[in-house]
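Secondary and tertiary structure notes
The chain contents come next:
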Amino acid sequence: MNNEKHSEEIDLFQLLNLVKGFFRSIVRSIISVILFYKKKAVLFSVLLVLGGLLGFFIDKYQDSSDNYTQEIIIEPKYNTTRYIHDFIEELETNLKDESFLKRIGMNSDMIDNLKGISIEPIIRNTDVLDDLEKRYDDKEFFSFIEDHDEDELKDKKFTNFYKHHKITAEFKNGDPQNAKITSSILDDIKSNDYYNKERDLVIKQTKEDLKQNKKTLQFINEYLLNLGKNPSRSEKEIVVVADKEQASTMTIASLIQQKEVLIETINSQQKILTFDNEVFFIIDYGAIIAKKKVLLGNKALMIPLVFFGLTSLVFFFRHMFKKMIEFANKGN
């Protein structure tokens, strides 16, 4: 029994020694690394400074003319989303056509300053849900979003779902004429004859409907006001709403409900007349800005770290090579 207990104590003691040895080797390694960098402090300091200076000048002068950017956020109307995307995507080719440049009031010298222009949807899952709900009111569609990740939702087939889209124009320098380029392109998109006719028709119909709905709402308000002055009249009294086009009968309760629907419809129509009077509505007409690169986060930080890492690897492999030679020589 005593022998077993003594054996267990020996095993535990050996295990503790192994653990101590393991941590001791880690501490020795850390100390060796610290002493190494302390010994080579001058070398690594020079590398960091040189790398920082090199990165700073690269950040400052590399592509310095490519930092002028304008971002415009728009909301397409009248199902023009696909048309606007196609227009922007084909713009690079069209800008080589002199007749197209003349149409938008530009010339080749002005366009030479345009580095590129692109458009992308601002992806919000709620936009997809809202659109699907309008299209398939009586069907299940909420699982649709869960089965698609954000990269898939950037596909062209989902473009029409999104409410807002961002147009990004990049310029070679800060020429004041840059603003005229984007303005002319947007004006040309708005000038599409087909969509303008559709817009004019919708605006005309909306104005007429709004006028009629306001008359009906006024009648309901006046009737309810008179009813309030004479509360003895029955709530179930039959009311006749008549105009030149139609006549209908309803109870007081349904009349109040109709008033709520009318108010909602009128608000929606007023919103159309305010925000839908163009082929697209500009949410944010961004100014042309020079995007300066952040010093810590580009080459001014990356290059010193690369120098530091590569030099450390060279010394590490040299050390390992020496250890391998020592290990091989011990066998002789």
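Just above, that's the structure.
Counting of residues starts from 1 at the beginning of each chain's written sequence and follows it residue by residue. In keeping with the model being predicted, local features are shown solely for residues with a pLDDT of at least 70 and side-chain atom pairs are shown and tallied solely at 80 or more, while totals for entire chains, interfaces and linings include all residues. Processing note: side-chain calculations cover all non-hydrogen atoms of the structure and skip hydrogens and water entirely.

This paragraph deals with the overall build of the protein chain. Along its length, the protein chain carries 13 helices and seven strands. Counting only residues that meet the buried cut, the protein chain has 27% of its 332 residues in that class. Restricting the contact set of the protein chain to residue pairs at least 6 apart, pairs at least 24 apart contribute 81%. Only DSSP runs of H or I covering at least 4 residues are called helices, and only runs of E covering at least 2 are called strands; the numbering of each starts at the N terminus. Relative accessibility thresholds used throughout: buried, under 20% of the residue-type maximum; exposed, over 50%; partly exposed, between the two (1.4 Å probe, protein chains only). We call two residues in contact when some of their heavy atoms are within 4.5 Å.

All right, on to the pattern of salt bridges then. In the sections that follow, a salt bridge refers to a side-chain nitrogen of Lys or Arg positioned within 4 Å of a carboxyl oxygen of Asp or Glu. Taken as a whole and assessed by the stated rule, the structure comprises 10 salt bridges. The residue Lys 166 makes a salt bridge to Glu 120 at a minimum N-O spacing of 3.6 Å. Separated by 46 residues along the polypeptide, Lys 166 in strand E3 (residues 165–171) and Glu 120 in strand E2 (residues 114–121) bring together distant segments of the chain. The salt bridge involving Arg 199 is made with Glu 278; its shortest N-O contact spans 3.8 Å. Remark: Glu 278 occurs in the loop between helix H12 (252–275) and strand E6 (280–285) and Arg 199 occurs in helix H11 (residues 193–229); sequence separation between them is 79 residues. Look at Arg 199 and you get buried, because its relative accessible area is 15%. Taken together, the salt bridges that share partners define one network made up of Glu 71, Glu 120 and Lys 166.

Looking now at the nonpolar core. Put simply, a nonpolar core is a bunch of buried Ala, Val, Leu, Ile, Met, Phe, Trp, Tyr and Cys residues held in one set by side-chain atoms that sit within 4.5 Å of each other. Counting 26 residues, the largest nonpolar core has Leu 95, Ile 185 and Ile 189 as the members making the most contacts within it. Going through the elements one at a time, strand E1 (68–76), helix H3 (81–89), helix H5 (98–103), helix H6 (108–111), E2, E3 and helix H10 (178–190) are the ones with two or more residues in this core. Sorting elements by how many residues they give to this core places H10 first, with four residues. Here Ile 189 is in contact with Tyr 83, Ile 84, Phe 87, Ile 88, Val 279 and Phe 280, once residues within four sequence places are set aside.

What follows covers the packing of aromatic side chains. Centres within 6.5 Å make a pair out of two Phe, Tyr or Trp rings, where for Trp the six-membered ring is used; the pair is then stacked when the planes are under 30 degrees apart, edge-to-face when over 60, and tilted otherwise. The full count for this structure, using the stated rule, is 14 aromatic pairs. With centroids separated by 6.3 Å and ring planes inclined at 50°, the aromatic side chains of Phe 87 and Phe 100 adopt a geometry described as tilted. You can see Phe 87 sitting in helix H3 and its partner Phe 100 sitting in helix H5, a full 13 residues away along the chain. Each member of the pair, Phe 87 as well as Phe 100, is classed as buried.

Another point: unusual backbone geometry. The phi dihedral of Tyr 78 is positive, around 55°, even though this residue is not glycine. With respect to the helices and strands, Tyr 78 occurs in the loop between E1 and H3. Residue Tyr 78 is classed as buried on the basis of its relative accessible area, which comes to 13%.

In this model, H10 (13 residues) spans 19 Å end to end at C-alpha, consistent with the 18 Å of a helix rising 1.5 Å per residue. Among the residues making up H10, those that are buried are Asn 178, Ile 181, Thr 182, Ser 184, Ile 185, Leu 186, Asp 188 and Ile 189. In this analysis, the expected span of each helix is defined as 1.5 Å times one less than the number of residues it contains.

With that settled, the discussion passes to the packing of H3 against H10. Here, axes are lines fitted to C-alpha atoms. For helices the fit covers the stretch in contact, and angles between N-to-C directions go from 0 to 180 degrees. For the pair H3 and H10, the least separation of the axes is 11 Å and the interaxial angle reads 140°. Relative to H10, H3 is oriented oblique. The handedness of the crossing between H3 and H10 comes out as right-handed. On H10, the residues touching Tyr 83, Ile 84, Phe 87 and Ile 88 of H3 are Ile 185, Asp 188 and Ile 189. Charged residues are taken to be Asp, Glu, Lys and Arg, nonpolar residues to be Ala, Val, Leu, Ile, Met, Phe, Trp, Tyr, Cys and Pro, and polar residues to be all remaining types, Gly included. Counted by class, the contact of H3 with H10 contains six nonpolar, no polar and one charged residues. The scheme is simple: roughly parallel for angles under 35 degrees, roughly antiparallel for over 145, roughly perpendicular for 65 to 115, oblique for anything else. Whether a crossing is left-handed or right-handed is set by the direction in which the near helix is turned from the far one by less than a right angle, anticlockwise for left-handed and clockwise for right-handed.

In this fold, His 85 is placed in helix H3. Take His 85: its relative accessible area is 3%, and that puts it in the buried class. Among residues more than four places away in sequence, those in contact with His 85 are Ile 119, Glu 120, Pro 121, Thr 159 and His 165.

On to a nonpolar patch on the surface, then. There is a patch of nonpolar side chains on the surface, built from Leu 15, Leu 18, Val 19, Phe 22, Phe 23, Ile 26, Ile 30 and Ile 34 and spanning about 790 Å² of accessible area. Examined against the element boundaries, Phe 22 turns out to sit in helix H1 (residues 2–39). Residues with no salt bridge and a relative accessible area higher than 30% make up the patches, which join like charges within 9 Å and nonpolar side chains (Val, Leu, Ile, Met, Phe, Trp, Tyr) within 5 Å. Note on areas: these come from Shrake-Rupley sampling with a 1.4 Å probe, and a residue is covered only by the protein chains present in the view.

Glancing now at the pairing of E3. Along E3, five of the seven residues are buried, which leaves the element largely enclosed by surrounding structure. In this sheet, E3 lies alongside E1 in antiparallel orientation, the contact comprising seven bridges. Among the inter-strand pairings, Tyr 68 is bridged to a residue of E3, identified as Phe 171. Pairing of E2 with E3, which is carried by seven bridges, proceeds in the antiparallel orientation. Considered in E3, the bridge of Ile 117 is made with Ala 169. At least two DSSP bridges between two strands are required for those strands to pair.

Mapped onto the fold, Asp 276 is located in the loop between H12 and E6. In this structure Asp 276 comes out as buried when scored by relative accessible area, which is 16%. Other than its neighbours up to four places away in sequence, Asp 276 contacts Lys 77, Tyr 78, Arg 199, Ile 203 and Lys 271.

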